[in-house]
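Spelled out, the chains give:
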Amino acid sequence: MKIGIVGLGLIGGSLAIDWRSLGHTILGVSRRPSTCEAAIARGIVDQASCDLALMAEAEVVVLCTPLGAFLPTVDQLLPHLSPETIVTDVGSVKGWVVEAIAPRWENFVGGHPMAGTAESGLDAALTGLFQNCIYAITPTAQTPIRAVEVVTQLARSLQAQVYQCDPQDHDRAVAWISHLPVMVSASLIASCMDEESATVRSLAQTLASSGFRDTSRVGGGNPELGVMMARYNQAAVVRSLQGYRQQLDAILQTIETSDWDSLETLLGQTQRDRPAFVDPV
Ligand code: NAP
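Residues numbered from 1 in each chain as written. Predicted model: local features only at pLDDT ≥ 70, side-chain atom pairs only at ≥ 80, totals over all residues. Heavy atoms only, no water.

1. Some details on a nonpolar patch on the surface
Move 1: A contiguous nonpolar patch, built from M114, I134, Y163, W176, I177, F277 and V278 and spanning about 690 Å² of accessible area, is present on the exposed surface.
Move 2: For the nonpolar patch, the elements supplying multiple residues, two or more each, are α6 (167–193) and α12 (275–278).
Move 3: Residue class for I134 comes out partly exposed when judged on its relative accessible area of 33%. (Patch = residues over 30% accessible without salt bridge, like charges linked within 9 Å, V, L, I, M, F, W, Y side chains within 5 Å. Areas by Shrake-Rupley, 256 points an atom, 1.4 Å probe, with all protein chains shown as cover. Salt bridge = Lys/Arg side-chain N within 4 Å of Asp/Glu carboxyl O. Helix = DSSP H or I, 4+ residues; strand = E, 2+ residues; numbered from the N terminus. Buried < 20%, exposed > 50% of the residue type's maximum accessible area, 1.4 Å probe, protein only.)

2. A look at the sheet that holds strand β5 (residues 86–89)
Move 1: Here six strands make up an open sheet; going across it, the order is β3-β2-β1-β4-β5-β6 and the pairing parallel. Looking at the sheet topology across the chains shown, the edges are occupied by β3 (47–49) and β6 (108–109).
Move 2: Sitting on the sheet, helix α1 (residues 10–21) touches β1 (2–6), β2 (25–29) and β4 (60–63), and the angle it makes with β1 is about 165°. (Pairing = 2+ DSSP bridges. Contact = heavy atoms within 4.5 Å. Axes fitted to C-alpha atoms, helices over the stretch in contact; angles between N-to-C directions.)

3. Some details on the packing of helix α10 (residues 234–256) against helix α11 (residues 260–273)
Move 1: At their nearest, the axes of α10 and α11 sit 8 Å apart, and the two run at 145° to each other. Remark: the crossing between α10 and α11 carries left-handed chirality. Together, I251, T254 and I255 of α10 and W260, S262, L263 and L266 of α11 make up the contact between the two elements. (Left-handed = near helix turned anticlockwise from the far one by under 90°.)

4. Focus on the site of the ligand
Move 1: Around the ligand, the structure places 24 residues, and the nearest of them are S30, T35, T65, S92 and G121.
Move 2: One of the backbone nitrogen or oxygen atoms of I11 is found 2.8 Å away from an oxygen atom of the ligand.
Move 3: Between an oxygen atom of the ligand and a side-chain N or O atom of T35, the distance comes to 2.5 Å.
Move 4: For the ligand, whose accessible area on its own is 890 Å², the fraction buried by protein is 84%.
Move 5: When contributions to the shell around the ligand are tallied by element, the ones reaching two or more residues are α1 and β7 (111–113).
Move 6: Considered class by class, the residues forming the shell around the ligand number 11 nonpolar, 11 polar and two charged. (Near = heavy atom within 4 Å. Polar contact = N/O pair within 3.5 Å; in protein donor to acceptor, adjacent residues only side chain to side chain. Nonpolar A, V, L, I, M, F, W, Y, C, P; charged D, E, K, R; others polar.)

5. Considering the packing of α6 against helix α9 (residues 223–232)
Move 1: Interaxial distance between α6 and α9 falls to 10 Å at its minimum, and their mutual angle equals 120°. Compared by their axis directions, α6 and α9 come out oblique. α9 is crossed by α6, and the crossing has left-handed handedness. Residues S178, H179, V182 and M183 of α6 touch α9, and the partners they reach there are G226, M229 and A230.
Move 2: Tallied by class, residues from the contact of α6 with α9 come to four nonpolar, three polar and no charged. (Parallel < 35°, antiparallel > 145°, perpendicular 65-115°, else oblique.)

6. Looking at the sheet that holds strand β9 (residues 161–164)
Move 1: Taken in spatial order, the three strands make up an open sheet running β7-β8-β9, and their pairing is mixed. With one partner strand each, in any of the chains shown, β7 and β9 form the two edges of the open sheet. Direction aside, the axes of adjacent strands within the sheet are offset by 20° on average.
Move 2: Where β7 meets strand β8 (residues 134–137), three bridges bridge the pair, whose relative direction is antiparallel. Bridge pairing in β8 places H112 opposite A136.

7. A closer look at the pattern of salt bridges
Move 1: Counted according to the given criterion, the structure contains five salt bridges.
Move 2: Among the salt bridges present, the one from R42 reaches D123, with a minimum N-O distance of 3.5 Å. Linking R42 in the loop between α2 (33–41) and β3 with D123 in the loop between β7 and β8, this pair joins segments that are 81 residues apart in sequence.
Move 3: You can call D123 exposed: its relative accessible area is 71%.
Move 4: Two residues, D75 and R104, come together in a salt bridge whose shortest N-O distance is 2.7 Å. On the criterion of sequence distance, the pair formed by D75 in helix α3 (residues 70–77) and R104 in the loop between α4 (95–101) and β6 is long-range, its members being 29 residues apart.
Move 5: Relative accessible area serves as the criterion here: at 43%, D75 is assigned to the partly exposed category.

8. Notes on the packing of aromatic side chains
Move 1: All chains considered together, the criterion is met by one aromatic pair.
Move 2: For the pair W96 and Y232, a centre-to-centre distance of 5.4 Å together with 35° between the ring planes defines the contact as tilted. Remark: Y232 occurs in helix α9 and W96 occurs in helix α4; sequence separation between them is 136 residues.
Move 3: Judged by its relative accessible area of 24%, W96 falls in the partly exposed class. (Phe/Tyr/Trp six-rings, centres within 6.5 Å; stacked < 30°, edge-to-face > 60°.)

Right, here's the structure in full:
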């Protein structure tokens, strides 16, 4: 199959590597000529260009640019495609992406592989990045079945597990498990830095160990990614933060009032609930 990939970075490059190794022909479009040249030189793609006209021959086109470039890219891309071309994307937010693209392209299937690293760009692309990951796809009632099947098969060929869900539900779910944790973890670091005593703050930095390493990791990551999450999934992130604030207030109250039984009940419940998120059956 001829697969077009627009945006040869971490995700686009990693998809290209795996699909090409399975025998597909990969046509890549990226913003910078140097990225296109590197992708050809490293055998990641068969052909590459900065011109979206290269996508005219593709049977499936995968949008892998940053979310902010999606709509201008689609505007320029669609006139090059024949109507049967299947378009999909890998964006981490699905509601507005599906709402914006599906009415303009019948054969559009929203997608989001739940895999990544802290790195970005073509140099960060990896073999086998999607192995054993969940690959969410978000078709609507109007999405042609064949388009859903083709995207499902391509995702499964990466040894990913395909999971279908509603685009808005997807955004609310990733707000809880991906976007809220970044804001909570960043708030944790910022709160520690607000400690008035320089002695205590410095001691905290010296004593910090694995617990702080775990809980601060996502708050200490790339600021652009955090802003992207809040900007493109604003309503769901606000909703999750409000829910989180309520929980924080409830915990605060148990501690201020020395209500240790309630605190133990709450922490016992979270201890029982955590495996459903991190070790699902
Ligand atoms: P990335 O490593 O920064 O790659 C994106 C690449 O797109 C850039 O390297 C850039 O390449 C190219 N690009 C930028 N603007 C472009 C344009 N207008 N036209 C064509 N190419 C353009 O980012 P990423 O992490 O792969 O993320 C890409 C998409 O995957 C995003 O929509 C994100 O939501 C989604 N996603 C990310 C992760 C993750 O963990 N990172 C996980 C799942 C999904 P050059 O400038 O070098 O040409």
